[in-house]
Amino acid sequence: MKRYPNKILYLPFLFIILYTLGTIFMPQVTILNSSNMRIVDASISTSYSDLKFWSLNDGDDKDLYYSIFQKEGKYRYHFSLKNNITLSGECGYVKNFEFGKHVIFLISDDKVIYSSGKNVVCETFEI
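I will try to describe carefully the structure that is included in this document. (Residues numbered from 1 in each chain as written. Predicted model: local features only at pLDDT ≥ 70, side-chain atom pairs only at ≥ 80, totals over all residues. Heavy atoms only, no water.)

**Side note on the state of the cysteines**
A disulfide bridge is the covalent bond that connects two cysteines by way of their sulfur atoms.
Next up, step 1: This structure, assessed with the given rule, holds 1 disulfide.
Next up, step 2: C91 shares a disulfide with C122; S-S distance 2.3 Å. Residues C91 and C122 are joined by a disulfide whose S-S torsion is about -90°; by sign, that bridge is left-handed. Here C91 is found in strand 6 (residues 86-94), whereas its partner C122 is found in the loop between strand 9 (119-121) and strand 10 (124-126), with 31 residues between them in sequence. (Disulfide = S-S within 2.5 Å. Helix = DSSP H or I, 4+ residues; strand = E, 2+ residues; numbered from the N terminus.)

**Details of the environment of F79**
Next up, step 1: Looking at the secondary structure, you find F79 in strand 5 (residues 73-81).
Next up, step 2: Exposure remark for F79: the relative accessible area of 0% places this residue in the buried category.
Next up, step 3: Spatially, the C-alpha atoms of F79 and I107 are 8.4 Å apart, while their sequence positions differ by 28 residues.
Next up, step 4: Apart from residues lying up to four places away in sequence, F79 is in contact with I31, D41, A42, S43, I44, I85, T86, L87, F105, I107 and V112. (Buried < 20%, exposed > 50% of the residue type's maximum accessible area, 1.4 Å probe, protein only. Contact = heavy atoms within 4.5 Å.)

**Focus on the nonpolar core**
Next up, step 1: In this structure, V29, I44, Y75, F79 and F105 are the most contacted members of the largest nonpolar core, which totals 22 residues.
Next up, step 2: Contributions of two or more residues to this core are made by strand 1 (28-33), strand 2 (39-45), strand 3 (50-56), strand 5, strand 6, strand 7 (102-107) and strand 8 (112-115). (Core = buried A, V, L, I, M, F, W, Y, C linked by side-chain atoms within 4.5 Å.)

**Some details on the sheet that holds strand 4 (residues 61-65)**
Next up, step 1: If you walk across this open sheet you meet the 5 strands as 4-1-7-8-9, and the pairing is mixed. Whereas interior strands pair on both sides, the edge strands pair on one side only; in this sheet they are strand 4 and strand 9. Across the sheet, the mean angle from the axis of one strand to that of its neighbour is 20°, orientation sign disregarded. (Pairing = 2+ DSSP bridges. Axes fitted to C-alpha atoms, helices over the stretch in contact; angles between N-to-C directions.)

See below:
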């Protein structure tokens, strides 16, 4: 009976280490639903990434990671609430190679707050 080389046994550990390092260095977007309504569809776009968060109940939050390779620009968001109100606009700034960046979008009933170190109320359009 042949023994597997010891190197093969290290592959799962190598995968775990690479995955952990990737999640630490990849930029991250978090959505917090602080409205009294369910968000039925949520999406945030950068120049090279489209992040779909789908639905969030009141008080829920979701995190997604996006690529570090970006063209400079703003985050574009689109949130559809259960009461048929849609909040959309642009806020914050995306740059290339932002390792470990973490931004938060807080959605209330009538406004969106962007946070990346400091809080900014976004110019939001209701549709």
